[in-house]
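Each chain, written out:
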Number of protein chains: 2
Amino acid sequence: MEEPGYPDARNIFALRAEHVQPLPVDEHGLVVSSRLENLDYVYTTPSHQSPTTVTMPLQRRQALLGSASDHDFLVIEDDYETGTQYVGQAIPALKSLDKTGRVIYVGSLSKSLAPGLRLGYMVASEDLIHEARALRRLILRHPPVNNQLAIALFLSQGHHDLLLRRLRSSYQERWRVLGDALAQYLPELTCSPSLGGSSYWLSGPPRLNCKRLQREAALSGVLIEPGDVFFMSEDSEQTYLRLGFSSIPVQQIEPGIKTLAKVVRAQL
Amino acid sequence: MEEPGYPDARNIFALRAEHVQPLPVDEHGLVVSSRLENLDYVYTTPSHQSPTTVTMPLQRRQALLGSASDHDFLVIEDDYETGTQYVGQAIPALKSLDKTGRVIYVGSLSKSLAPGLRLGYMVASEDLIHEARALRRLILRHPPVNNQLAIALFLSQGHHDLLLRRLRSSYQERWRVLGDALAQYLPELTCSPSLGGSSYWLSGPPRLNCKRLQREAALSGVLIEPGDVFFMSEDSEQTYLRLGFSSIPVQQIEPGIKTLAKVVRAQL
């Protein structure tokens, strides 16, 4: 499990696995090292690491797949936010590079279309899909058929592709405006290197307490997400925060960051 | 677990519990005996036992609750088909008689409204509901909100109550017509005593093979459900069958039973 990483995935794994291990992440995403060698499953978010948003380069992806093959582990690739890379050429998914059937690819319509529908998808071997269906039958039988039908039509008629194009253009503008505002008004915070996504991951100086910052910024009308929940370690990391921009109008971004900068400065 | 009993429930329990035990059922439903004393959970379908359709009388319900209290076990009451008792006064649910908080009541909209929506409900203590919600978050987060909203309106505006009244009157007629046709054309089969529901449970003489009967009846346009799947025991019970009538027009019932009787007689 990536550290920092997606807390819901961590909690889901902890429900059935006794030994969930945190694995370090750097500016290229999950670090491929000897720490992977004794694992059964590796969960990773290579497109935009959750929460740091860094993108795993092709070379790291190939190293991860090589390690999976050499040391006999499976990779769960969570491509939770597809099509939102704004800089450079899109890098192939692990699943599309996978020659030995070691990657289970999962995706979601929660980020693009609507989180309330609870619809996603899995790409894996026929045997694994068969087992997953059998297990799903005992858990929820199937997602509601009215939603499945509506979304199947939405996908097959190309509306989702169109939606992704629109989102990409809208997110790209907000990503640029927010990045510029952070550089201008909040140079005290360090941004992790980002090629896209729908949020920024920031760290502040040791004195910054992001739980307190969240409360104080909310009083000024700015909502931020403290980053401590993304860490598995008990001594939570108080200096990290995440700024999501998937549902904020672009013209509110700069004024919001100006306000946030005042609240940050009052704390430092 | 009732024997015979609902196979999906049995498979769901088997996923997490190592010691699922079959418990006998008689003409009053689940038998309350010393066999319950060392159990942690008892799953039961008292309104219309699945699949035998027998109804548990008040006295048996009180005995079951007394045993739960004396021997410290919990009762899962699956009232999967509510409001379909056609004879005599409705008997209170176990949950409504429960004074010591030992009953977890579950119900469903699958039988009344639509199985494809996958919506149901649970009545239990606040603590248990809190835990169930936490667990559900990790499994599916929540049922899709569009369906939850639509069904909440449907329920709150009284449409579901009206639907149940209509179904009850429609099912009652089919139940009577099917019961009469079975008595007239298939006296070789024994019907379990029924006060309602949406199916009949029948057993034939030892020579009857209901898997074969299913295949042969289908060739004549009559679909029946062999009963072996409801038994946990490996030596499957080939002489039982279930006839569901929740989606068959009433005028097709008598001709269908006449046809079925010919196929049965050819086998005996």
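In short, a report on the structure. Predicted model, so just to flag it, every value in this text is computed and none were measured.

1. Overview of empty space enclosed by the protein
Residues and elements named next belong to chain A.
Item 1. One pass over the full model with this rule turns up one cavity of 30 Å³ or more.
Item 2. Volume-wise, the largest cavity comes out at about 80 Å³.
Item 3. Considering the residues around the largest cavity, the lining is formed by Y80, E81, T82, T84, S108, K111, S112, H160, L164, L167 and Y171.
Item 4. Residue contributions to the lining of the largest cavity peak at four residues, all from helix α6 (residues 159-185).

2. As for the sheet that holds strand β10 (residues 225-226) of chain A
Residue and element names in this part refer to chain A.
Item 1. The four strands are arranged β8-β9-β11-β10 in an open sheet whose pairing can be described as antiparallel. Each edge of the open sheet is held by one strand with a lone partner, namely β8 (190-191) and β10.
Item 2. In this structure, β10 lies alongside strand β11 (residues 240-244), joined through two bridges in antiparallel fashion. Counterpart to P226 in the pairing with β11 is L241.

3. A few points about the relation of the copies chain B and chain A
Item 1. Superposing chain B onto chain A takes a rotation of 180° combined with a translation of 0.0 Å along the rotation axis, leaving an RMSD of 0.0 Å. Those values place the two copies in the arrangement expected of a two-fold rotation axis.
Item 2. Here 100% of the contact residues of chain B are again contact residues in chain A; the copies associate through an equivalent surface.

4. Observations regarding the pairing of β11 of chain A
Item 1. For strand β9 (residues 199-203) of chain A and β11 of chain A, the ladder comprises five bridges, and the chain directions are antiparallel. When the bridges of β11 of chain A are listed, W201 of chain A appears paired with R242 of chain A.

5. Side note on the pattern of salt bridges
Residues and elements named next belong to chain B.
Item 1. This model, assessed by the stated rule, comprises 18 salt bridges over all chains.
Item 2. Between R242 and E225 there is a salt bridge, with the nearest N and O atoms lying 2.8 Å from each other. In this pair, R242 is assigned in strand β11 (residues 240-244) and E225 in strand β10 (residues 225-226), connecting sequence segments 17 residues apart.
Item 3. Residue class for R242 comes out buried when judged on its relative accessible area of 18%.
Item 4. Under the relative-accessibility criterion, E225 is labelled partly exposed at 30%.

6. A few points about the interface of chain B and chain A
Item 1. Each partner contributes to the interface: chain B provides 20 residues, whereas chain A provides 20 residues.
Item 2. Buried surface at the junction of chain B and chain A, both sides included, amounts to about 1,900 Å², of which 57% is carbon and sulfur.
Item 3. Where chain B packs against chain A, one counts four salt bridges.
Item 4. A salt bridge links D8 of chain A to R141 of chain B, with the shortest nitrogen-to-oxygen separation between them at 3.2 Å.
Item 5. Within the residue set of the side of chain B that touches chain A, elements represented by two or more residues are α1 (7-16), α4 (126-139) and α5 (145-156) of chain B.
Item 6. With five residues, the single largest contributor to the side of chain B that touches chain A is α1 of chain B.

7. Considerations on the sheet that holds strand β6 (residues 103-108) of chain A
Residue and element names in this part refer to chain A.
Item 1. Read across the open sheet, the four strands follow the order β4-β5-β6-β7; overall the sheet is mixed. One side of each edge strand has no neighbouring strand; the edge strands of this open sheet are β4 (41-44) and β7 (120-123). Strand-to-strand twist in this sheet, taken as the mean axis angle between neighbours without regard to direction, amounts to 15°.
Item 2. Looking at chain direction, β4 and strand β5 (residues 74-78) are connected through four bridges and run parallel. Bridge pairing in β5 links Y43 to I76.

8. Considering the side chain of T53 of chain A
Item 1. Mapped onto the secondary structure, T53 of chain A falls in the loop between β4 and α2 (58-71).
Item 2. Non-local contacts of T53 of chain A, meaning those with residues more than four positions away in its chain, are made with H48, S192, P193, S194, G196, S199 and W201 of chain A.

9. Here's the deal with helix α2 (residues 58-71) of chain B
Within an α-helix, residues lying three or four positions from one another point in the same direction, as the helix has 3.6 residues per turn.
Residues and elements named next belong to chain B.
Item 1. With 14 residues, α2 ought to run about 20 Å at 1.5 Å a step, and its terminal C-alpha atoms sit 20 Å apart, in line with that.
Item 2. Here α2 has its buried residues at R60, R61, L64, L65, S67 and A68. Down the axis of α2, the buried set is contained in an arc of 160°. They therefore lie on one face. Those residues of α2 that are exposed and angled more than 90 degrees off the buried face are Q59 and D70.
Item 3. Buried residues along α2 sit in contact with β2 (23-26), β3 (29-30), β4 (41-44), β5 (74-78), α3 (94-97) and β6 (103-108).
Item 4. One or two steps after α2, the chain reaches D72, where phi turns positive at roughly 55°.

10. Quick notes on the packing of aromatic side chains
All names here are of chain A.
Item 1. Counted by the stated rule, this structure contains 18 aromatic pairs over all chains.
Item 2. Their ring planes at 45° and their centres at 6.1 Å tell us that Y200 and F245 sit as a pair that is tilted. Highlighted residues: Y200 in strand β9 and F245 in the loop between β11 and α8 (253-267), separated in sequence by 45 residues.
Item 3. For Y200, a relative accessible area of 6% corresponds to the buried category.

What counts, and at which threshold
- Residues numbered from 1 in each chain as written.
- Chains lettered and ligands numbered in written order.
- Predicted model: local features only at pLDDT ≥ 70, side-chain atom pairs only at ≥ 80, totals over all residues.
- Heavy atoms only, no water.
- 1 Å grid on protein atoms, 1.4 Å probe; cavity = no way out; pocket = protein on both sides within 12 Å on 5 of 7 lines; lining within 4 Å.
- Points joined across faces, edges and corners; volume = space filled by probe spheres on them.
- Helix = DSSP H or I, 4+ residues; strand = E, 2+ residues; numbered from the N terminus.
- Pairing = 2+ DSSP bridges.
- Least-squares fit on C-alpha atoms with pLDDT ≥ 70 in both.
- Contact = heavy atoms within 4.5 Å.
- Salt bridge = Lys/Arg side-chain N within 4 Å of Asp/Glu carboxyl O.
- Buried < 20%, exposed > 50% of the residue type's maximum accessible area, 1.4 Å probe, protein only.
- Buried area = accessible area lost by both parts, 1.4 Å probe.
- Axes fitted to C-alpha atoms, helices over the stretch in contact; angles between N-to-C directions.
- Expected span 1.5 Å × (residues − 1).
- Arc of directions from axis to C-beta.
- Phe/Tyr/Trp six-rings, centres within 6.5 Å; stacked < 30°, edge-to-face > 60°.

Interpretation note: all reported values are geometric properties and have no functional meaning in isolation.
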